[in-house]
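Below are the chains, spelled out letter by letter.
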Amino acid sequence: METAGQTRKSSLGDQIVARINQLAMISETPEHLARIFLTPEHQKAADLILAWMREAGMSAHLDAIGNVCGRYEGERAGAPCLMLGSHYDTVRDAGKWDGPLGVITAIVCVADLNRRGRRLPFAIEIVGFADEEGVRFASTLLGSRAVAGTFDESVLATRDRGGTSMHEAMVGFGLDPDHIGRAARARRELLGYVELHIEQGPVLEERGLPVGVVSAIAGATRLAASLTGMAGHAGTVPMVLRRDALTGAAECIVAIEEFCRTDEVGLVGTVGYITAMPGATNVIPGKVSFTMDIRSQSDTHRKRAVADIVRRVEAIARRRELTLQIDVTHENRSVPCAPWLTSQIADAVAAEGFQVFELPSGAGHDGMAMVDIADIGMIFVRCRGGISHNPAEHVELADADTGARVLLRVIENFRPQQPGS
């Protein structure tokens, strides 16, 4: 026979899935989910999330950059908060779980506390970050950087595909670009930041686990490379005399894969884009451009790996008599999760009866910005097939429920870090 507590807990997943589906109805088109920063769909989603926050017993408002912010007071009004959150924007043709699962799960947990009249020695704040994906203005983590006080105001001049600048879009949305600084929070206001998110990878599924404890968010280096050889007739240039840029690039790509596959500390490398010129069936490619994305949870290891990979690519280019150009286009530090927070998340996972498994996040998250004003912790929830940024993205109801029970247990048993510890 179920106890009242078991009945309450089993309902969390149902509430989450129902709201995930409701939020997914807000999209540019019904065929392809797209909810982009500072659009009418963004406004509708913000209004809906704010309503859910208020129903959960929170005071709620839209901040200076369009983040949705809710606060559930503790036993003493004005106390520092444990902040929970994720983002509610999407990529184009998105899945419905990436981002919203963390926001909605946090709201459902607070609603549960409110139903029971439970107040804690600290406040709880939930933030639904308005732009994490960076789809519209090609700059990620805009919402969380504003909260962390690290927003780069030069982004305001960036224009979207339609020619609208971020400054213009904010004004059209009813926000004041000159007051973005009002979204910033001080470190003294936060006891920590915890984010629940789908894994976006297959590791938890492979291990048969519904949840995992994130150890760190991997740092990333992205490079753009071009190899220039000599275009020529496909039938008249002997093989030994060719300076084929495409076969050179192919050798480089295989070398990158082999280097990363044999790494012993979890390095990952991806060539996600390649183009060959002139791009004709009967012409030897004279120039090829490709990208490299190298990630690791250790910045030192990643930087050494990038240097080694570049040396290998340079050696291939020299041997094949190709001209090489490499530029770094993106560099993001790794962000470790705070051990004192990961241990509390691990305790909650174990208390719910599951194996504690730690894993790094290869994807970026809002915690990468929030770490500038708070220690961070993350909970991963199993994602079917490891598929994300895709309409096939899916979380089982039982896993959504498990994630919520773990997060609720973290909240109710949260112990702020003691000074000097």
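Here the structure is shown first, and the text comes after it.
It should be emphasised that the depicted structure is a prediction, and the values quoted were computed from it without experimental measurement.

Asker: What's the story with the overall build of the protein in this structure? I'm lost.
Answerer: Looking only at helices and strands, the protein has 11 helices and 16 strands in total. In terms of C-alpha radius of gyration, the protein reaches 24 Å, essentially the compact-globule figure of 22 Å for 421 residues. Counting only C-alpha atoms and orienting by the principal axes, one finds that the protein spans roughly 80 × 50 × 45 Å. Within the structure as shown, the protein displays about 18400 Å² of accessible surface, and the carbon and sulfur contribution to it stands at 52%.

Asker: I tried to follow the packing of aromatic side chains on my own but got confused; where do I start?
Answerer: Geometry of an aromatic ring pair is reported as the spacing of the ring centres plus the angle between the planes. If you walk through the whole model with that rule in mind, you get four aromatic pairs. A centroid spacing of 6.3 Å and a plane angle of 55° characterise the contact between Phe129 and Tyr193, whose relative ring orientation is tilted. Highlighted residues: Phe129 in strand S4 (residues 123–129) and Tyr193 in strand S5 (residues 190–198), separated in sequence by 64 residues. Ring centres of Trp340 and Phe414 lie 5.9 Å apart, and the angle between their planes is 45°; on these two criteria the pair is classed as tilted.

Asker: How should I be thinking about helix H8 (residues 299–319) in this particular structure?
Answerer: Within an α-helix, residues lying three or four positions from one another point in the same direction, as the helix has 3.6 residues per turn. For H8, with 21 residues, the first-to-last C-alpha span of 30 Å sits near the 30 Å given by 1.5 Å per residue. Taken together, the buried positions of H8 are Arg302, Ala305, Val306, Ile309, Val310, Val313, Ile316 and Ala317. Each buried residue of H8 sits inside an arc of 140° when the element is viewed along its axis, so together they form one side. Relative to its buried face, H8 has exposed residues pointing more than 90 degrees away, namely Lys303, Arg304, Arg318 and Arg319. Packing partners of the buried residues in H8 comprise strand S7 (219–228), helix H7 (245–261), strand S12 (287–296) and strand S13 (323–332).

Asker: Quick question: what am I supposed to make of the packing of helix H9 (residues 339–351) against helix H11 (residues 397–412) here?
Answerer: Helix-helix packing: each pair is described by the crossing angle between the helix axes and the interaxial distance. Relative to each other, H9 and H11 sit at 125°, their axes nearing to 9 Å. Put simply, H9 runs oblique to H11. With respect to the hand of their crossing, H9 and H11 are arranged in right-handed fashion. For the pair H9 and H11, contact is made by Gln344, Ile345, Ala348, Val349 and Ala351 and by Val406, Arg409 and Val410, respectively. Taken together, the residues that form the contact of H9 with H11 break down as six nonpolar, one polar and one charged.

Asker: Looking at this structure, how should I read the pattern of salt bridges?
Answerer: One side chain can pair with another of opposite charge once the charged atoms of both are near each other. For the coordinates displayed, the defined rule picks out 25 salt bridges. The partner of Arg71 in a salt bridge is Glu73, and the shortest N-O contact between them spans 2.9 Å. For Glu73, a relative accessible area of 28% puts it in the partly exposed group. Linked by salt bridges that have partners in common, Arg71, Glu73, Glu125, Arg185 and Glu189 make up one network.

Asker: Help me understand the environment of Gly149 in this model?
Answerer: For Gly149, the position within the fold is in the loop between helix H4 (142–148) and helix H5 (166–173). Taking the relative accessible area as the measure of exposure, Gly149 reaches 52% and is therefore exposed.

Asker: Can you walk me through the layout of surface pockets in this structure?
Answerer: One water molecule sets the probe size; rolling that probe over the atoms shows where empty space is left. Volume-wise, the largest pocket comes out at about 940 Å³. Taken together, 39 residues form the lining of the largest pocket, with Arg295, Ser361, Gly362, Ala363 and Gly364 sitting closest to its centre. Those elements giving two or more residues to the lining of the largest pocket turn out to be S7, S12, S13 and strand S15 (358–361). For the lining of the largest pocket, the element with the most residues is S15, which contributes three residues. Residues that form the lining of the largest pocket fall into these classes: 16 nonpolar, 16 polar and seven charged. Here the second largest pocket is characterised by a volume of approximately 260 Å³. Taken together, 15 residues line the second largest pocket, and the ones lying closest to its centre are Ala24, Pro30, Leu33, Ala94 and Lys96. Its residues placed into classes, the lining of the second largest pocket shows seven nonpolar, five polar and three charged.

Asker: Before we go on, may I ask you to explain the state of the cysteines in this structure?
Answerer: Covalently bonding the sulfur atom of one cysteine to the sulfur atom of another cysteine gives a disulfide. In total, this model carries zero disulfides according to the counting rule given. Distance from the sulfur of Cys109, which forms no disulfide, to the nearest cysteine sulfur (Cys81) is 16 Å. No disulfide involves Cys383; its nearest neighbouring cysteine sulfur is the one of Cys337, lying 18 Å away. With a relative accessible area of 0%, Cys383 lands in the buried category.

Asker: Teacher, can you tell me more about H7 here?
Answerer: Over its 17 residues, H7 extends 24 Å from the first C-alpha to the last, a length consistent with the 24 Å expected when each residue adds 1.5 Å. Taken together, the buried positions of H7 are occupied by Ala245, Gly248, Ala249, Cys252, Ala255, Ile256, Phe259 and Cys260. Along H7, the residues classed as buried sweep out an arc of 125° about the axis, all on the same side. Capping the start of H7, Asp244 holds a side-chain oxygen 2.8 Å from the backbone nitrogen of Leu246, two or three residues further along.

Asker: What should I look at first to understand unusual backbone geometry in this one?
Answerer: In terms of backbone geometry, most residues other than glycine have negative phi values and most peptide bonds are trans. In this chain, Met277 is followed by Pro278 through a cis amide linkage whose omega measures 5°. Within the secondary structure layout, Pro278 lies in the loop between strand S10 (274–277) and strand S11 (283–284). Notably, Ala138 is not glycine yet its phi reads approximately 55°, a positive angle. In the Ramachandran plot, His389 falls in the positive-phi region, its phi being about 55° despite a non-glycine side chain.

Asker: Any chance you could explain the pairing of strand S16 (residues 376–381) here in plain terms?
Answerer: A regular strand carries its side chains on alternate faces of the sheet. The buried fraction of S16 is high, at six of six residues. The two faces of S16 match: Ile376, Met378 and Phe380 on one face and Gly377, Ile379 and Val381 on the other face are all buried. With six bridges joining them, S5 and S16 adopt parallel strand pairing. By the bridge assignment, Tyr193 is partnered in S16 with Ile376.

Rules used in this analysis
Residues numbered from 1 in each chain as written. Predicted model: local features only at pLDDT ≥ 70, side-chain atom pairs only at ≥ 80, totals over all residues. Heavy atoms only, no water. Helix = DSSP H or I, 4+ residues; strand = E, 2+ residues; numbered from the N terminus. Rg over C-alpha atoms; globule rule 2.2 N^0.38 Å. Areas by Shrake-Rupley, 256 points an atom, 1.4 Å probe, with all protein chains shown as cover. Phe/Tyr/Trp six-rings, centres within 6.5 Å; stacked < 30°, edge-to-face > 60°. Expected span 1.5 Å × (residues − 1). Buried < 20%, exposed > 50% of the residue type's maximum accessible area, 1.4 Å probe, protein only. Arc of directions from axis to C-beta. Contact = heavy atoms within 4.5 Å. Axes fitted to C-alpha atoms, helices over the stretch in contact; angles between N-to-C directions. Parallel < 35°, antiparallel > 145°, perpendicular 65-115°, else oblique. Left-handed = near helix turned anticlockwise from the far one by under 90°. Nonpolar A, V, L, I, M, F, W, Y, C, P; charged D, E, K, R; others polar. Salt bridge = Lys/Arg side-chain N within 4 Å of Asp/Glu carboxyl O. 1 Å grid on protein atoms, 1.4 Å probe; cavity = no way out; pocket = protein on both sides within 12 Å on 5 of 7 lines; lining within 4 Å. Points joined across faces, edges and corners; volume = space filled by probe spheres on them. Disulfide = S-S within 2.5 Å. Polar contact = N/O pair within 3.5 Å; in protein donor to acceptor, adjacent residues only side chain to side chain. Pairing = 2+ DSSP bridges.

That's the geometry; what it means functionally is another story.
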